[in-house]
Structures are given as C-alpha cells and as structure tokens.
Amino acid sequence: MAAANYLRSEDQFLCSICLDVFTDPVCTSCGHNFCKNCINEHWNTSDRYLCPMCKKVFNTRPELHVNTLLSEIVVQVRQSAQQKTSSSSSEQQMSKPGEVPCDFCTGTKLKALKSCLVCLASYCETHLEPHLTMSGLKRHQLIDPVENLEGRMCTKHDKLLELFCKNDQTCVCMLCLVLDHKVHDVVPLKEEYEGKKAELGKTEAEIQQMIQKRRLKIQEIKHSVDLSEEDADREIAEGVQVFTALKESVERGQANLINTIKEKQKTTEKQAEAFIKELEQEISELTKRKTEVEQLSRSEDHLHLLQSVQSLKADKPTKDWTEVSVRPSYEGTVRRAVAQLEETLNKEMKKLLEDELKRVQQYAVDVTLDPDTAHPNLILSDDGKQVNDSDVWKNLPDNPERFSDCVCVLGKQSFSSGRFYFEVQVKGKTDWDLGVARESINRKGVISLSPEDGYWTICLRNGNEYKALDVPRVLLSLMSRPQKVGVFVDYEEGLVSFYDVDAAALIYSFTGCCFTEKLLPYFSPYVNNGGKNSAPLIISPVGVN
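Keep in mind that what you see is a predicted model, and the values were worked out from it rather than measured.

Trainee: I keep staring at the pairing of strand E21 (residues 495-500) and nothing clicks. Help me out?
Mentor: Where a strand is regular, its side chains alternate between the two sheet faces. For E21, a buried count of 6 out of 6 residues is recorded, marking the element as mostly surrounded by other parts of the structure. Residue alternation in E21 divides its side chains into two sets, Leu495, Ser497 and Tyr499 and Val496, Phe498 and Asp500, and both sets are buried. As paired strands, strand E20 (residues 484-490) and E21 are joined by 6 bridges and run antiparallel to one another. Bridging from a neighbouring strand, Val485 pairs with Asp500 of E21. Summarising the sheet, E21 and strand E22 (residues 505-510) pair through 5 bridges and their orientation is antiparallel. By the bridge assignment for E22, Asp500 is matched with Ala505.

Trainee: Mind showing me how you'd approach the pairing of E20 here?
Mentor: In terms of burial, E20 is a largely internal element, 6 of the 7 residues being buried. In sequence, E20 turns back onto E21 through a hairpin of 4 residues, with Gly494 there showing a positive phi of about 70°.

Trainee: Looking at this structure, I do not really get the sheet that holds strand E6 (residues 114-116). What am I missing?
Mentor: Within a sheet, neighbouring strands are paired by backbone hydrogen bonds and run either parallel or antiparallel to one another. A sheet is described by the order of its strands in space; here 3 strands give the open sequence E7-E6-E8, paired in antiparallel fashion. Both edges of this open sheet fall to strand E7 (121-123) and strand E8 (142-143), since each of them pairs with a single strand only. Of the strands in this sheet, E6, E7 and E8 touch helix H4 (residues 125-133), which is tilted by about 110° from E7.

Trainee: Looking at this structure, I do not really get the packing of aromatic side chains. What am I missing?
Mentor: In the structure shown here, the tally under the stated rule is 14 aromatic pairs. With centroids separated by 5.8 Å and ring planes inclined at 90°, the aromatic side chains of Phe275 and Trp321 adopt a geometry described as edge-to-face. Pair noted here: Phe275 is in helix H7 (residues 189-297) and Trp321 is in the loop between helix H8 (302-314) and helix H9 (333-361), with a separation of 46 residues, a long-range link. Each member of the pair, Phe275 together with Trp321, is buried. Measuring from centroid to centroid gives 5.8 Å for Phe422 and Phe523, while their planes differ by 55°, and the two rings are tilted. Remark: Phe523 occurs in strand E23 (residues 519-524) and Phe422 occurs in strand E15 (residues 419-425); sequence separation between them is 101 residues. Residue classification places Phe523 among the buried residues on the basis of a relative accessible area of 1%. Directly above the ring of Trp321 sits Lys319, whose terminal nitrogen or CZ lies 4.2 Å from the centroid.

Trainee: Before we go on, may I ask you to explain the sheet that holds strand E13 (residues 386-389) in this structure?
Mentor: The 7 strands are arranged E12-E13-E24-E15-E20-E21-E22 in an open sheet whose pairing can be described as antiparallel. Lying at the two open borders of the sheet, with one neighbouring strand each, are strand E12 (378-380) and E22. Pairwise comparison of adjacent strand axes, ignoring direction, gives a mean angle of 20° for this sheet. Across the sheet, H9 is in contact with E15, E20, E21 and E22; its angle to E15 comes to roughly 110°.

Trainee: Looking at this model, I keep getting lost on helix H2 (residues 36-44). Mind explaining?
Mentor: Since the α-helix advances by 3.6 residues per turn, residues separated by three or four positions end up pointing in the same direction. If you check which residues of H2 are buried, you get Cys38, Ile39 and Trp43. Each buried residue of H2 sits inside an arc of 125° when the element is viewed along its axis, so together they form one side. Across H2 from its buried face, at more than 90 degrees, point the exposed residues Asn37 and Asn44.

Reading guide: rules and limits
- Residues numbered from 1 in each chain as written.
- Predicted model: local features only at pLDDT ≥ 70, side-chain atom pairs only at ≥ 80, totals over all residues.
- Heavy atoms only, no water.
- Buried < 20%, exposed > 50% of the residue type's maximum accessible area, 1.4 Å probe, protein only.
- Helix = DSSP H or I, 4+ residues; strand = E, 2+ residues; numbered from the N terminus.
- Pairing = 2+ DSSP bridges.
- Contact = heavy atoms within 4.5 Å.
- Axes fitted to C-alpha atoms, helices over the stretch in contact; angles between N-to-C directions.
- Phe/Tyr/Trp six-rings, centres within 6.5 Å; stacked < 30°, edge-to-face > 60°.
- Lys NZ or Arg CZ within 6 Å of the ring centre and 35° of its normal.
- Arc of directions from axis to C-beta.

Next up, the structure:
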C-alpha cells in the first residue's frame, strides 16, 4: 500500500544531481539520498565534501550506505515509468524531420515540447514533468523547442548568452560584460527582445502595407487588362465595321464600274447593229442601182439613156459615213469610280478622326502657365491661361527654370505616366510653337526644338507655313488653318499627337518616342513682330467636340 502511494509522486524518487530516478540509491549520514555514481562524481570533482542538499560539510569523505527500501521502491517506480512511457509513447508524436527531438528518449525519439535554457536540453512530455513539478526545476527558463542549444552559450566563456551589447549589436554573457564590454551599452536580452519585437511589429505592419499596396496594384493591373480587353474588343468591332463598310463600298464601286462599262458596250453594240443594218440596206440599194447602171450603159437607145440617167442620180444615197464611229471612250471611267471611292473613304476617315478626338478629349487636364519659366518679354494673364509677347524686357530674377533667350514658357503641371490632353487657341496669330518638353531641357541661350533635345512640337511661321519639328523637319500640308490646336500625349505608348479641333483633323503625330522623365506642356507665342503677331496663345477649356 505504501509503495502504491509512493508511485503516485515520482518526483520524490529523483536524484537532485542528475534529476532522474535514483540508480543504486545511497544515503549520507545527514539522511539525504543520491545515486551512488552521482554523489561519488560530485565529491571527486570538489575540493571539499558537502551534501548537495543541505550543504553540510564533512571533514572526511563520508561512508555511503545502500538504501535497501528506497532501492526496491525505485525498481517499482522505474517499472511504472516504463509502462507509462510505453502507453503514452503511442499518444505522443514521434519526432519528424525538421522537428526538435527529446534529448532523453532512448530508442524512438519523441517530439520535444519544451527546451530548457538552464539544462541546455529539450524534453518530451514525459521527461518534461520534473521541470513542471519539482520546485528547484520550476525556476528554470523553458522555451518552445529549439535545436542547437549550445549555440545559446558563449563560445568564449561557456556561459549562457543572456545580455545584448547595443554598441557591437551582439549577444554576450555575464563574463563578456565584465571583461570585454564594460563601457558598452549592455541590456538584458529580454529588454532588447522587446525593443526588437516592437520594431519587427512596425516592420511587419510596413511589409503588410506594402503587400496590400501590391495586391491593390495587382487588382488595378487586372482591371486595366479587363478595360484594355474591352477597348480592344471595341476597336476590333469598330474596325471590322469600318472595313466591312469600305469593302462593301469597294465592291459596289467595282460592280457599278463594270455595269457602267457593260451598259456602254451594249449601247455601242446596238448602235453598231443599227449602223450595219442601215449600211447593208444602202449596199443593197446601191447594188440594185449598179445593175441598173450596167444595163443602161449597154443601151443603144439615146433617148432612153438620157432620160434614165437623171432618175438614177436622184435616187442615189446621200448620207456621209466618213465621221460615223461606234468606238466609245472609256477614259476617266475608272478614275471617276476611284474618286467616288476616295470620297467615301474620306468621309469614313473624317468620322474616325471625330471619334478619335472625342476619345482623347476624355483625358483633358487643367494646365496653367508657370511664371517662373517665362521669358522676360512674355506677358502672362493672372489666371495663367494666356501668354503673348510684349517686345519689352522685364527685369525678372534669372532663376534656373527661366528661358533666357527664347520667348517661351512651360506649364506648371508635369506628367510622368498615363495620358493627358489640352487645347490651345491660336486664332489671329502668324507664328507660334506648341507641344511638350522634358523637364531637364536646356533653358538658357539659343535652344533647338527637336525630339533629340527634349522637345516634341509643331509650329506656324509666316502665317501659312506649318511644320512638325521632327528630325528631319516635316512640312505640313493642311486643308484649313487651325484656330484651336489639341495636344495629346500617351506616355507609355510614346505618342504625341496634334489635332485641328474645329476640323476634327489630325495635324501630326510623333510616334515611337521614349519618355524617361517628366513631361511639361510647352508654349511659345513667338515674337510680337511689330503687332502683327500680338494675339495671345490661350489655354482653352476642353469640351467634347
């Protein structure tokens, strides 16, 4: 009965030195029990003999006595523990690759539940029990199971790494603090742990925010792809519709051309048949007359011959066939058919350009002039929407952004992605420049307007000379003089297009451009020219045409 009671509290039969169930338990004269081997090794490595439990000092090495009763009880405890271990092993998980195994399991290693930073060992559920029940072991620091507990020891002093040096940003032991880090800012690991944990919390929040932003960007890109697909489907549908109409128009033109030529040929054939019939009739009559002439010429009756000759002359056919022709002229027939087709094509082009202008006008932005960039001769309106040349130099600060020699000004707004559109009234002017420019353009001295120098512009000179300032320059032939010019930019597409807004016509497009920095609207009202070119450039509000 007593043994049964003992078995209910196995911690009473644990050696205080090895912390395991007694093996060959022996008793000291002070009444404490230890494993025979444990107490002997303890005294062999010590310079004096004292009891590990009560700290009693012996003058001579005490004689050890085998505790027979305890030995019998320990055997039963071990048997019970083995049965308990055997039954619980099936319930506990065996250690798998990547998991920390128990350091005290023999044979099959079970999965460790905790690691002890004092014992530098990992324990399964069974072998962890002393740390949970014995008062001496309860004070040990348990953590979630980790491998390489030796790595938590100072390699130099073989002491636990329990401090952190902020100067050297490294973990140190107590001896490191005294010997090598005495004047350094050293704090307990827990304190640095809390600080770093707070930093990690902020970092985690920042990373989570970055993840969220990227997820939103993914949704935005996917949405853009969907919109692009819708745009592509719409463009394909419109393109198919336009080309189908053009194809039908071409086929109708071809059919009309063939019908016209065939009808003309049929008319010619009918006319030829009538002429032939009439000629054959005349031939028949002439043949008959020829016979009569031959007969009369052989007559010897003077009176009869003279009387008959007069009647023969009166009945002779009088129609002149010299100028009669049945070959029709087909010259110009094909040209007129093609001209009609061209007219149809121009109408379709007009409609397409009107639709295109409506689409680009949807990307309208509010542009205002930047006075810090304006040449000193220029006059800007208070609302930043109008600019003209005064021919009078104003004393303004020569800041790096200001144009020094060329009478031009930039917009305040800059664009580094997407699409944008604005309109400028050029009515009443004989000269002007319009377009966009890189932010890094040279603004001092004489400048060259070309894509190579960061300008994508068109210009008017002498009232009627329109040019695209491309490389090389392109002389533009326009059907009408634009009164309002629209400027459209697709940054990613590398496209800059200019439109005659009132005529809904494309003036010129720069294509295949490579934009790598911010773009700004560019305006030049050009020189006043004695009042001939005094009208201002006016940035107009965009209304869908």
